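Residue-level structure breakdown
One-letter residues, chain by chain:
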Amino acid sequence: MDLTIIYDNTAFDPRLGAGWGFSCLVACGEATVLFDTGADGDLLLSNMEKLCIRPGSVDYVFISHLHLDHVGGLASFRAVNRDAKVYFPDTAPNRAKHKMIALREQQRLLPGMYTTGILEGIEQSLLVWTSRGWVVISGCAHPGVGRILQAAAGLGDIRALIGGLHDFQKFELVRGLELICPTHCTMYDDQLRNLFPQKCIQGGAGRRLVLD
Ligand SMILES: [Zn+2]
Ligand SMILES: [Zn+2]
């Protein structure tokens, strides 16, 4: 799995712009998936350009939840890529449009990729299989990290947790993971970094993670 953070509250790569929101590109096997779209389409597309990511190379968009800082860039993205299928959480009625697929339950989306399904009525996380277990990609973790990890654990070992962790403080839950990349809305990332300095890595737009 090859993951690049495109949009984040901070910039890891100083060439990129930062803004409140989250988006990352996930390449796994044959499929390239854009996870969330940030708040602002112009910033999303400009960061993609600086990272040499062609919008047309994206096969699927996965929307974790319908908060503006995750879905705000979607219309701009779709204006430059009309072919990508969009997986979105079925939490609002009548949102389905052309090439949009509403998701509710835990299910396989693509080879090596699952959704946790909508948890606590608000948000789904993306699960990507690697040789040493599942990588969990979270938008804001509104359902709670414990709830998300519980849903993922039903499928097998969890290797890594990447994304927004909101007000997560039950740090013992992630002790067994190989890698944590707390970013976006994570409030207690300093505490996580202090507790797990070896496995906690900095996020930010431009951060790339390759996990075999
Ligand atoms: Zn949110
Ligand atoms: Zn958010």
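See above for the structure.
In this report, the structure presented in the accompanying data block is examined. (Residues numbered from 1 in each chain as written. Chains lettered and ligands numbered in written order. Predicted model: local features only at pLDDT ≥ 70, side-chain atom pairs only at ≥ 80, totals over all residues.)

1. Examining the overall build of the protein
- Within the protein, the regular secondary structure consists of five helices and 13 strands.
- The C-alpha radius of gyration of the protein comes to 16 Å, within 12% of the 17 Å expected for a compact globule of 212 residues.
- Counting all 212 residues of the protein, 45% fall into the buried class.
- By sequence separation, contacts in the protein at least 24 residues apart represent 54% of the contacts at least 6 residues apart. (Helix = DSSP H or I, 4+ residues; strand = E, 2+ residues; numbered from the N terminus. Rg over C-alpha atoms; globule rule 2.2 N^0.38 Å. Buried ≥ 20, exposed ≤ 12 C-beta atoms within 10 Å, placed from the backbone. Contact = placed C-beta atoms within 7 Å.)

2. Overview of the nonpolar core
- Val 26, Val 61, Val 128, Val 136 and Ile 137 are the most contacted members of the largest nonpolar core, which has 58 residues in total.
- The element contributing the most residues to this core is helix 4 (residues 145–153), with five residues.
- Those residues within four positions of Val 61 in sequence are excluded, and the remaining contacts are Leu 34, Thr 37, Leu 74, Phe 77, Ala 84, Val 86 and Tyr 87. (Core = buried A, V, L, I, M, F, W, Y, C linked by C-beta atoms within 7 Å.)

3. Section: the sheet that holds strand 7 (residues 107–110)
- Taken together, six strands build an open sheet; the order of strands is 7-8-9-10-11-12 and the sheet is mixed. The open sheet has two free edges, formed respectively by strand 7 and strand 12 (179–183), since each of these has just one partner strand. Ignoring which end each strand starts from, the neighbouring axes of this sheet average 25° apart. (Pairing = 2+ DSSP bridges. Axes fitted to C-alpha atoms, helices over the stretch in contact; angles between N-to-C directions.)

4. Let's talk about the environment of Ala 18
- Within the secondary structure layout, Ala 18 lies in the loop between strand 1 (2–7) and strand 2 (23–28).
- The spatial distance from the C-alpha of Ala 18 to the C-alpha of Asp 36 is 15 Å, given a sequence separation of 18 residues.
- Ignoring sequence-local partners within four residues, the contact set of Ala 18 consists of Asp 8, Asn 9, Thr 10, Ala 11 and Ala 205.

5. A closer look at the pairing of strand 12
- Of all five residues making up strand 12, four are buried, and the element is well covered by its neighbours.
- Relative to strand 12, strand 11 (residues 158–164) is paired through five bridges, and the arrangement is parallel. Of the residues in strand 12, the one forming a bridge with Leu 161 is Ile 180.

6. Focus: the sheet that holds strand 13 (residues 208–210)
- Strand order in the open sheet formed by seven strands is 6-5-4-3-2-1-13, with mixed pairing between adjacent strands. Two strands lie at the open edges of the sheet, namely strand 6 (100–103) and strand 13, each paired on one side alone. When the angles between neighbouring strand axes are averaged without regard to direction, this sheet yields 20°.
- With four bridges joining them, strand 5 (residues 85–89) and strand 6 adopt parallel strand pairing. Paired with Val 86 across the bridge in strand 6 is Met 100.
- With respect to the sheet, helix 1 (residues 41–50) is in contact with strand 1 and strand 2, its orientation differing from that of strand 1 by roughly 135°.

7. Re helix 1
- For helix 1, the full list of buried residues reads Leu 43, Leu 44, Leu 45, Asn 47 and Met 48.
- In the stretch just after helix 1, Cys 52 is the one whose phi turns positive, near 60°.

8. A word on helix 4
- Buried within helix 4 we find Val 145, Ile 148, Leu 149, Ala 151 and Ala 152. Down the axis of helix 4, the sector holding all buried residues measures 160°, keeping them to one side.
- Lining the buried residues of helix 4 we find strand 9 (126–130), strand 10 (133–138) and strand 11. (Arc of directions from axis to C-beta.)

Remember, this is a structural readout, not a statement about activity or role.
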